[in-house]
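A look at the structure
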Amino acid sequence: MGDVLAGFHTVWEFDTDSVLIRFERGIRTPKLLQALGERRIPYEALAAVEHVPGRRGTVVLRAVPRPGADPLMDAADGQLKEGTDPYRLVLPAERAVLAEYYAEEIRALLGARAAEPAERPLVVAPEPPRSFKAYDGRATFDGRTVAFRWFWSGATSAKWKAGDQRFSVSELADVQWRSPDLMGGHLRLTLRDPERPAPGQADQDPASVVFGMGYGPVHESLPFAAAVLQAVRVASPAVPVAPSPSPAARPDPGAIADRIRHLGDLHSAGLLTDDEFSAKKAELLAEL
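About the thresholds
Residues numbered from 1 in each chain as written. Predicted model: local features only at pLDDT ≥ 70, side-chain atom pairs only at ≥ 80, totals over all residues. Heavy atoms only, no water. Helix = DSSP H or I, 4+ residues; strand = E, 2+ residues; numbered from the N terminus. Buried < 20%, exposed > 50% of the residue type's maximum accessible area, 1.4 Å probe, protein only. Core = buried A, V, L, I, M, F, W, Y, C linked by side-chain atoms within 4.5 Å. Pairing = 2+ DSSP bridges. Axes fitted to C-alpha atoms, helices over the stretch in contact; angles between N-to-C directions. Phe/Tyr/Trp six-rings, centres within 6.5 Å; stacked < 30°, edge-to-face > 60°. Expected span 1.5 Å × (residues − 1). Arc of directions from axis to C-beta. pLDDT = per-residue confidence, 0-100. Contact = heavy atoms within 4.5 Å.

**Description of the environment of I260**
The residue I260 is located in helix α6 (residues 253–268) in this model. Considered as a pair, I260 and A282 are 22 residues apart in the sequence and their alpha carbons are 9.5 Å apart.

Written out as structure tokens, the structure reads:
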């Protein structure tokens, strides 16, 4: 198409086979978007494009990646706040017709397998920091090996006993990232070796680092997790990775509160009716 669509903090540049998403650098731009800089998204990596009303006189154009196509969004697993969603373009409401036009244009370019999960990464993972500081240790990735070096001030005795850890990409089956904005945030590696079952809690698992206030920020730990996840999938593209069973635990009240606030935002934006909002809120409260 060769066109450019500029929104708040974000610009979409359309090409014949992809869209280049560029993020502004400025104090109002979320740190994650600044860290990403820009990302090229092939149309074959997309499942859909949404065009919906936004808040306070805006309209939102959002691309939806296919599962498996983008390691960043797979690692995020729906935990990003709206403002840090790299697939979201916010425009003034007076550009609603233009946004709808581009949404239709992109839909016409989606691949025949848009509704199916991607068999391999189609979007390149962002360049990660070589290392980042978690609460209980420092995580490092050189493209082949993930290393955890424990801090005496934060690591549990179980991790001290196990010692500093190194894991080659070939040893890994999956990567789990839980946002530091939520209770129990962590980066956890799932190992292929069935003889090394993971302990129930991340702070007891030598194959994980835990986050905390100021530790493992999203703009550092998420690109790191995405880069490791991409390396794992590229190393074993033919091996389906099943999610690790999570230990039975009481739902996190903080996470449920976040979801209720998100529902409130959708309700305020007119995307949920009063009845839908009340029903969804009741379902979430019933989980406590």
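**Quick notes on the environment of Y102**
Relative to the assigned elements, Y102 resides in helix α3 (residues 96–107). According to the relative accessible area criterion, Y102 is buried, its value standing at 6%. Along the backbone, Y102 and F14 are 88 residues apart, and their C-alpha atoms lie at a distance of 9.4 Å.

**Let's talk about the nonpolar core**
W12, L189, V209, L222 and V228 are the most contacted members of the largest nonpolar core, which totals 65 residues. Looking at this core element by element, the count peaks at 10 residues for helix α5 (residues 218–235).

**Thoughts on the sheet that holds strand β14 (residues 208–210)**
Strand order in this open sheet of three strands is β12-β13-β14, and the pairing throughout is antiparallel. Strands at the two margins of the open sheet, each flanked by one partner only, are β12 (172–178) and β14. On average, adjacent strands in this sheet sit at an angle of 15° to one another, irrespective of strand direction. Two elements, strand β13 (residues 186–191) and β14, share three bridges in a ladder whose sense is antiparallel. Each bridged residue has a counterpart across the sheet, and for R188 the counterpart in β14 is S208.

**Remarks on the packing of aromatic side chains**
Taken as a whole and judged by the stated rule, the model has nine aromatic pairs. Taken together, a centroid distance of 4.7 Å and an interplanar angle of 5° make the contact between F14 and Y102 stacked. Linking F14 in strand β2 (residues 10–14) with Y102 in helix α3, this pair joins segments that are 88 residues apart in sequence. Like F14, the residue Y102 is buried in the burial classification. Grouping aromatic residues by their ring pairs yields a cluster made of W12, F14, Y101 and Y102.

**Overview of α3**
Taking 1.5 Å per residue as the helical rise, α3 with its 12 residues ought to reach 16 Å, and the 16 Å between its terminal C-alpha atoms agrees with that figure. When we look at burial in α3, the residues that qualify are A99, Y102, A103 and I106. Buried positions in α3, seen along its axis, are confined to an arc of 105° and lie on one side of it.

**As for the confidence of the model for the protein chain**
For the protein chain, the average pLDDT comes to 87, and 84% of its residues sit at 70 or higher. The element-level mean pLDDT for the protein chain is lowest in α6, coming to 66, with strand β10 (residues 145–150) highest at 98. Note on residues 238–249: pLDDT under 50 across the span, and seven contacts to partners over four residues away in sequence or across chains.

**With respect to α5**
Here α5 is 18 residues long and its end C-alpha atoms lie 25 Å apart, about the 26 Å a rise of 1.5 Å per residue gives. Residues of α5 that are buried: V218, S221, L222, P223, F224, A225, A226, A227, V228, L229, A231 and V232.

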